[in-house]
Amino acid sequence: MTVPDPVSAAAVMSIPDFVAHWQGHRALTRRVIEAFPDDQLFSFSLGGMRPFGVQATEIHLVDAMTVTAMRTGEWPEPDWTTGPTDKAGLLAAWDAVSADLAEHGPHTDPAFFTRMHALPWGEMPGWVAAIYAVDNGLHHRAQGYVYLRALGIEPPAFYDR
């Protein structure tokens, strides 16, 4: 993958704007988590897919790893076998990452986004890794919408970020 020269590359959005965009997605996914009945978040599934609580924990771990990297340049691989096991724990962990992103994300060194990084699943520029974190959340949130509808619960409006 070719990394564009940061001097000649046109900015599509500022780093604070990207962080605000990501936080909007995180806020909506948080509302999806809140919409689940406590007893269904980590148990209900369809078609062999993981329960949404497990998927939301993955989103949380990927986001936490990415936010840490944006602040420190380090990509500590999460322990995929651990994480919150109830709604309150998941929401508390979620809020901690959102606070970390709000505090440090807008101040990310712009070079982070064009520099190549070694992630647990391969080497890529920082902007690709950051967009992957957002896309991963969107993908799993959509599964959460399907689960909520199957449970007879109207999910939050997707455009209400």
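Each chain has its residues counted from 1, following the order in which its sequence is written. Only residues with pLDDT of 70 or above have their local features reported here, since the model is predicted, and side-chain atom pairs are shown and tallied only from 80 upward, although totals for entire chains, interfaces and linings are computed over all residues. No hydrogens and no water enter the side-chain calculation; it runs on all heavy atoms of the structure.

Description of the packing of aromatic side chains
Heads up, the rule is: Only Phe, Tyr and Trp rings take part, Trp by its six-membered ring, and two of them pair if their centres are within 6.5 Å. Stacked means planes under 30 degrees apart, edge-to-face means over 60, and tilted covers everything else. In this text, helices come from DSSP runs of H or I with a minimum length of four residues, and strands from runs of E with a minimum of two, each type numbered from the N-terminal end. Each residue is assigned to one of three classes by its accessible area relative to the maximum for its type, calculated with a 1.4 Å probe on protein chains only: buried under 20%, partly exposed between the two thresholds, exposed over 50%.
Counting across every chain of the model gives seven aromatic pairs. Pairing phenylalanine 18 with phenylalanine 113 gives two aromatic rings, centres 6.3 Å apart and planes at 80 degrees, and the pair type is edge-to-face. With phenylalanine 18 in helix H1 (residues 15-35) and phenylalanine 113 in helix H4 (residues 111-114), this residue pair connects regions lying 95 residues apart in the sequence. In this structure, phenylalanine 18 and phenylalanine 113 share a single accessibility class: buried. On the numbers, 5.2 Å between centres and 10 degrees between planes, the contact of phenylalanine 36 with phenylalanine 52 is stacked. Placement of phenylalanine 36 in the loop between H1 and helix H2 (52-72) and of phenylalanine 52 in helix H2 is noted, with a sequence separation of 16 residues between them. Like phenylalanine 36, the residue phenylalanine 52 is buried in the burial classification.

Here's the deal with the pattern of salt bridges
Condition: A pairing counts as a salt bridge when a side-chain nitrogen of Lys or Arg comes within 4 Å of a carboxyl oxygen of Asp or Glu.
Under the counting rule described, the total for this entry stands at seven salt bridges. Between arginine 50 and glutamate 58 there is a salt bridge, with the nearest N and O atoms lying 2.9 Å from each other. For glutamate 58, a relative accessible area of 17% puts it in the buried group. A salt bridge links glutamate 154 to arginine 149; the nearest nitrogen and oxygen atoms lie 3.3 Å apart. Taken together, the shared-partner salt bridges connect Arg30, Glu34 and Asp95 into one network.

Some points on the nonpolar core
As a reminder, the rule being used: By nonpolar core is meant a set of buried Ala, Val, Leu, Ile, Met, Phe, Trp, Tyr and Cys residues that side-chain atoms within 4.5 Å join together. Working rule for contacts: check all heavy atoms of both residues, and any pair within 4.5 Å makes them a contact.
By size, the foremost hydrophobic cluster in this structure holds 20 residues, and its most contacted members are Trp22, Met70 and Trp75. Contributions of two or more residues to this core are made by H1, H2, helix H3 (87-104), H4 and helix H5 (126-150). With sequence-adjacent residues up to four places away left out, methionine 70 is seen in contact with Val19, Trp22, Leu101, Gly105, Thr108, Phe112 and Phe113. Ile33, Ala56, Leu91 and Leu148 belong to the second-largest nonpolar core, a separate cluster that totals 15 residues.

Side note on H1
To keep it simple, the criterion reads: Expected helix span is computed as 1.5 Å times (number of residues minus one). N or O atoms closer than or at 3.5 Å make up a polar contact, with two conditions inside protein: a donor-capable atom paired with an acceptor-capable one, and, for residues adjacent in sequence, both atoms drawn from side chains.
For H1, which comprises 21 residues, the first-to-last C-alpha distance of 30 Å matches the rise-based estimate of 30 Å (1.5 Å per residue) to within 8%. A distance of 3.0 Å separates the backbone nitrogen of aspartate 17 from a side-chain oxygen at the start of H1, and that oxygen is part of serine 14.

A short note on a nonpolar patch on the surface
What counts, and what does not: In this analysis, a patch consists of residues with relative accessible area above 30% that form no salt bridge, clustered at 9 Å for like charges and at 5 Å for the nonpolar side chains Val, Leu, Ile, Met, Phe, Trp and Tyr. Methods summary: accessible areas were calculated by the Shrake-Rupley approach with a probe of 1.4 Å, and residue burial reflects only the protein chains presented.
Judged by side-chain polarity, Leu46, Met49 and Val146 come together as a nonpolar surface patch covering roughly 210 Å² of accessible area. Of note, methionine 49 is situated in the loop between H1 and H2. Judged by its relative accessible area of 31%, methionine 49 falls in the partly exposed class.

Quick look at the side chain of arginine 30
When you line up the elements, arginine 30 lands in helix H1. At 2.6 Å, the side chain of arginine 30 and the side chain of aspartate 95 are in polar contact. In contact with arginine 30, other than residues within four places in its own chain, are Leu91, Trp94 and Asp95.

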